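# What the coordinates show
Okay, here's what each chain looks like letter by letter:
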Amino acid sequence: MLYRAFMRLVDRLPLPSLRVQLLIAAAVVLTQAGISVTGAIVRVTASGLGCPTWPQCFPGSFTPVGVSEVPVLHQAVEFGNRLLTFVVSLFAGLIVLAVLRARRRKDVRVYAWLMPGGTVVQAVIGGITVRTGLLWWTVAVHLLASMVMVWLAVVLYAKIAQPDDGIETVQVPAPLRWLTALSGVALAGVLIAGTLVTAAGPHAGDKSIERQVERLQVEIVTLVHLHSQLLVGYLALLIGLAFGLFAVGITPAIRTRLFVLLGLVLSQSLVGVVQYFTDVPAALVAIHVGGAAACTAATAALWASLRTREKVEAPAGVTAPAVS
């Protein structure tokens, strides 16, 4: 009954065109990726505890207050990151309303509902991160959850772009789809290893003498080698996938996504090398996190392009059979 009442309210909204739905979906992708970058900025500016409580910023206040213990800059950076959550939530809610109002197919609606649901989960993880004093594994989970949300948002965009009355079409043989999935698993390994490098690295998220942030007690060089080797494996899988795709013939859309992904991975590798030999400057950390989100989005876009829905036009002079 509540759902019917909700849908009656939704039906009072303007009917969104496909273009409007795609614009909102693109905003969902950008905000989900963007908040991971602002989170990295919070970390490298040592503003992780600029708001030392959650959901309030300070005890008794949801906004920053003038206290000498916490620098104003740190308060502003952390509070700004929290405000961005409202922007993420706004577009997550808008995409749900858009696909419901447009009466999109079931899988589109499911992915759309994952956006606000995942945003709530992210907010809870962020709260746990603050309340545990930036415990390293909570920070790692926070970033990895953001990458999952980026992946889901890109797949949602791809599904919205496909016609509801189309027929599902497989663009490449099954072995190549499995190889693409395996590259996604390799990417997950690269991301996990990357969070471990950060957990043992110089940017703890807070430099206060009173608050000793617990770090991952593993030699960082060992973790860097693990991270780099997994990246090499990921890149090798993508190169093998590229040869396989060109051998069977691919659409221009798949070719474009493949080249974009390879370019992003190579660029991300270069950033990582520069980071290593320049003692991990703060600016490159934020760029590297942005690159991780971009690689995740590009891998998801490639995966989504391998199985599409295409509208099949009936031959001239043939009418569709009546449905009783």
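Shown above is the structure to which this text applies.
Let me sum up the structure you'll find in this document.

About the thresholds
- Chains are numbered independently. Their residues run from 1 in the order of the written sequence.
- The model is predicted, so local features are restricted to residues of pLDDT at least 70 and side-chain atom pairs to those at 80 or more, both for listing and for counting; the totals for chains, interfaces and linings are taken over all residues.
- The basis for every side-chain value is the complete set of heavy atoms in the structure, and neither hydrogens nor water enter the calculation.
- Secondary structure counts use DSSP, requiring at least four H or I residues in a row for a helix and at least two E residues in a row for a strand, with both numbered from the N terminus.
- Type-normalised accessible area, obtained with a 1.4 Å probe on protein chains alone, sets the label of each residue: buried when under 20%, exposed when over 50%, and partly exposed for intermediate values.
- Two residues form a contact once any of their heavy atoms are found within 4.5 Å.
- In short, Shrake-Rupley with a 1.4 Å probe defines the accessible areas, and a residue's cover is counted only from the protein chains shown.
- Only four residue types enter the tally: Lys and Arg on the positive side, Asp and Glu on the negative side; His and the chain ends are excluded.
- A single reference atom marks each charge: NZ on Lys, CZ on Arg, CG on Asp, CD on Glu.
- The set of buried Ala, Val, Leu, Ile, Met, Phe, Trp, Tyr and Cys residues whose side-chain atoms join them within 4.5 Å is what this entry labels a nonpolar core.

Another aspect to go through is the overall build of the protein chain. A tally of regular secondary structure across the protein chain gives nine helices and two strands. Reading the protein chain from its N end, one meets helices and strands in the order α-α-α-α-α-β-α-α-α-α-β. By principal-axis analysis of the C-alpha atoms, the protein chain measures approximately 80 × 50 × 25 Å. Expressed as a percentage of the 324 residues in the protein chain, the buried residues total 44%. Within the protein chain, counting contacts between residues at least 6 apart in sequence, those at least 24 apart form 79% of the total. With the model as given, the accessible surface of the protein chain reaches about 17,000 Å², and the carbon-plus-sulfur share is 71%. Here the protein chain contributes 23 positive and 14 negative side-chain charges, whose respective centroids are spaced 11 Å apart.

Residues I95, M115, I160, Y234, L245 and V265 are the most contacted members of the largest nonpolar core, which totals 54 residues. The element contributing the most residues to this core is helix α5 (residues 136-161), with nine residues. Setting aside its immediate chain neighbours within four residues, Y234 contacts S183, A186, L187, V190, L261, V265, C295 and T299. Judged by nonpolar contacts, the second largest core, of seven residues, contains V197, A200, L223 and V224.

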